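# Remarks on the overall topology
The residues making up each chain are set out below.
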Amino acid sequence: MKRNRLTPWVVGAVMILAAVLYVGYRMWLTNCAPLGIELGVLTAIPVIYLVLMYLTFVSQE
């Protein structure tokens, strides 16, 4: 039985989304940083991580 190579990427994406939602909620409650910094942290870091993770899984045979 052949398994989908991108399954770990999908699982990782779901976990990252859950973490971003939790951290965003905590940031919103405490007003710990300006809005621009919060949005930068909550978008840039997960996007970079997901792209690198995708490239790693696609390059495997």
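Here is what the cut-offs are and how they apply
- Residues numbered from 1 in each chain as written.
- Predicted model: local features only at pLDDT ≥ 70, side-chain atom pairs only at ≥ 80, totals over all residues.
- Heavy atoms only, no water.
- Helix = DSSP H or I, 4+ residues; strand = E, 2+ residues; numbered from the N terminus.
- Rg over C-alpha atoms; globule rule 2.2 N^0.38 Å.
- Buried < 20%, exposed > 50% of the residue type's maximum accessible area, 1.4 Å probe, protein only.
- Areas by Shrake-Rupley, 256 points an atom, 1.4 Å probe, with all protein chains shown as cover.
- Contact = heavy atoms within 4.5 Å.
- Core = buried A, V, L, I, M, F, W, Y, C linked by side-chain atoms within 4.5 Å.

### Focus: the overall build of the chain
- When its secondary structure is counted, the chain shows 2 helices and 0 strands.
- Relative to a compact globule of 61 residues, whose C-alpha radius of gyration would be 10 Å, the chain shows 15 Å and is clearly more extended.
- Viewed in the frame of its principal axes, the chain has a C-alpha envelope of about 50 × 20 × 10 Å.
- Within the span of the chain, comprising 61 residues, buried residues form 18% of the whole.
- Put simply, the chain shows about 5100 Å² of open surface, and 73% of that area lies on carbon and sulfur atoms.

### A look at the environment of Leu6
- Here Leu6 lies in the segment before α1 (7–30).
- Not counting chain neighbours up to four residues away, the residues in contact with Leu6 comprise Tyr54, Phe57 and Val58.

### Some remarks on the environment of Gly24
- Among the structural elements, Gly24 can be located in helix α1.
- Taking the C-alpha atoms as reference points, Gly24 and Val41, 17 residues apart in sequence, are found 9.3 Å from one another.

### Overview of unusual backbone geometry
- Although it is not a glycine, Asn31 sits at a positive phi angle of roughly 50°.
- Along the polypeptide, Asn31 turns up in the loop between α1 and α2 (35–59).
- Residue Asn31 is classed as exposed on the basis of its relative accessible area, which comes to 62%.

### Digging into the nonpolar core
- Listed in full, the 5 residues of the largest apolar core are Ala13, Ile16, Leu50, Met53 and Phe57.
- Every element with two or more residues in this core is listed here: α1 and α2.

### Quick notes on the environment of Ala19
- Here Ala19 lies in helix α1.
- Separated by 27 residues in the primary sequence, Ala19 and Pro46 place their C-alpha atoms 9.5 Å from one another.

Treat this as a map of the structure, not an account of what it does.
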